[in-house]
Amino acid sequence: MSINNFRYDKVGLDRFFGPLEAKIMDILWNGKEKSIKEVQQLIEKERTINFNTVMTVMNRLVEKKILEKRAEGRTSLYKPIMTKMQFIDEQSKKITENLLDEFGDMVVNHMLDSLEDVDQNLLVKLEQKLNQLKKESK
């Protein structure tokens, strides 16, 4: 699965998805599989939305291999292919790899500069990972 339009100016899921896609994913990541009608009704608690609009977006998320769809009688039920944490992990890894491939040293320097305000536990993990990589390269 690949998200092609990462938005730096947004936050949370809106960095990876359009607003309606993000809302749908948030709903599905926070519960059991749901039908289009169930998702539409949950969104309608906040704003009016057409059933066909929700259906189109959910089916596009299936095409993008972000949701999976299964039939139960005459109803289709949808659920995410991966958990929210798995999704964020996969996407952040791809972003990091792409930045490193394209800009190498600059990216590493900026990451190191940003470590000044980071949680100490993250620094410990980073140090352990660097030590592991050094041992493996010998």
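As shown above, the structure is provided for reference.
Things to note about a nonpolar patch on the surface
There is a patch of nonpolar side chains on the surface, built from Leu100, Val108, Leu112, Leu126, Leu130 and Leu133 and spanning about 460 Å² of accessible area. The set of elements that each furnish at least two residues to the nonpolar patch consists of α4 (84-113) and α5 (120-137). Relative to the helices and strands, Leu126 is located in helix α5. You can call Leu126 partly exposed: its relative accessible area is 32%.

Examining the pattern of salt bridges
The tally for this structure, following the rule as stated, stands at eight salt bridges. For Lys64, the salt bridge identified is with Glu21, shortest N-O distance 2.7 Å. Of the two residues, Lys64 sits in the loop between α3 (51-63) and β1 (67-72) while Glu21 sits in helix α1 (residues 19-29), which places them 43 residues apart along the sequence. On the accessibility criterion, Lys64 (41% relative accessible area) is partly exposed. A salt bridge links Glu38 to Lys32; the nearest nitrogen and oxygen atoms lie 4.0 Å apart.

What to know about the packing of helix α2 (residues 36-43) against α3
The interhelical angle for the contact between α2 and α3, taken along N-to-C directions, is 115°, at an axis separation of 9 Å. The element α2 and its partner α3 pack so that their crossing is right-handed. Contact residues: α2 offers Ile36, Lys37, Val39, Gln40 and Ile43, while α3 offers Phe51, Val54, Met55 and Met58.

Here we look at the nonpolar core
The biggest cluster of nonpolar side chains holds 23 residues, and the ones touching the most others in it are Phe17, Ile24, Val39, Ile43, Val54, Met58 and Leu61. For this core, the secondary-structure elements that each account for two or more residues are α1, α2 and α3. With seven residues, the single largest contributor to this core is α1. Those residues in contact with Met58 that lie beyond four places of it in its chain are Ile24, Leu28, Lys34, Ser35, Ile36, Val39, Leu67 and Tyr78.

Points about the packing of aromatic side chains
Tallied over the full model, the rule gives six aromatic pairs. Taking 4.8 Å as the distance between ring centres and 80° as the angle between the ring planes, the aromatic pair formed by Phe6 and Tyr8 counts as edge-to-face. A residue is classified by how much of its surface remains accessible, and Phe6, at 25% relative accessible area, is partly exposed. Relative accessible area serves as the criterion here: at 59%, Tyr8 is assigned to the exposed category. When the centroid spacing of 6.4 Å and the interplanar angle of 55° are considered together, the rings of Phe17 and Trp29 count as tilted. Of this pair, Phe17 sits in the segment before α1 while Trp29 sits in helix α1; the two residues are twelve residues apart in sequence, bridging distant segments of the chain. The rings of Phe6, Tyr8, Phe16, Phe17, Trp29 and Phe87 are connected pair by pair, giving a single aromatic cluster.

The rules we used
- Starting from 1, residues in each chain are numbered consecutively following that chain's sequence as written.
- A pLDDT threshold of at least 70 governs which residues receive local features in this predicted model, and a stricter bar of 80 or more applies before side-chain atom pairs are shown or counted, although totals over entire chains, interfaces and linings include all residues.
- Excluded from the side-chain calculations are hydrogens and water; all other atoms, namely the structure's heavy atoms, are used.
- The patch calculation keeps residues exceeding 30% relative accessible area without a salt bridge and links them within 9 Å when they carry like charges or within 5 Å when they are nonpolar (Val, Leu, Ile, Met, Phe, Trp, Tyr).
- Accessible areas in this description were obtained via Shrake-Rupley with a 1.4 Å probe; residue shielding takes into account the shown protein chains only.
- Take a side-chain nitrogen of Lys or Arg and a carboxyl oxygen of Asp or Glu: if they are within 4 Å of each other, that pair is a salt bridge.
- Numbering goes from the N terminus for both helices and strands, where a helix is a DSSP run of H or I of at least four residues and a strand is a run of E of at least two.
- Each residue's exposure class comes from its accessible area (1.4 Å probe, protein chains only) as a fraction of the maximum for that residue type: buried when under 20%, exposed when over 50%, partly exposed otherwise.
- To get an axis, fit a line to the C-alpha atoms, keeping to the stretch in contact for a helix; angles then go from 0 to 180 degrees between the N-to-C directions.
- For any pair of crossing helices, the crossing counts as left-handed if the nearer helix is rotated counterclockwise from the farther one by less than a right angle, and right-handed if it is rotated clockwise.
- When checking whether two residues touch, look at their non-hydrogen atoms; a contact exists if any pair is within 4.5 Å.
- Buried residues of nine kinds, namely Ala, Val, Leu, Ile, Met, Phe, Trp, Tyr and Cys, make up a nonpolar core once their side-chain atoms join them within 4.5 Å.
- The rule is short: rings of Phe, Tyr and Trp, with Trp giving its six-membered ring, pair when the centres are within 6.5 Å, and they are stacked under 30 degrees, edge-to-face over 60, tilted in between.

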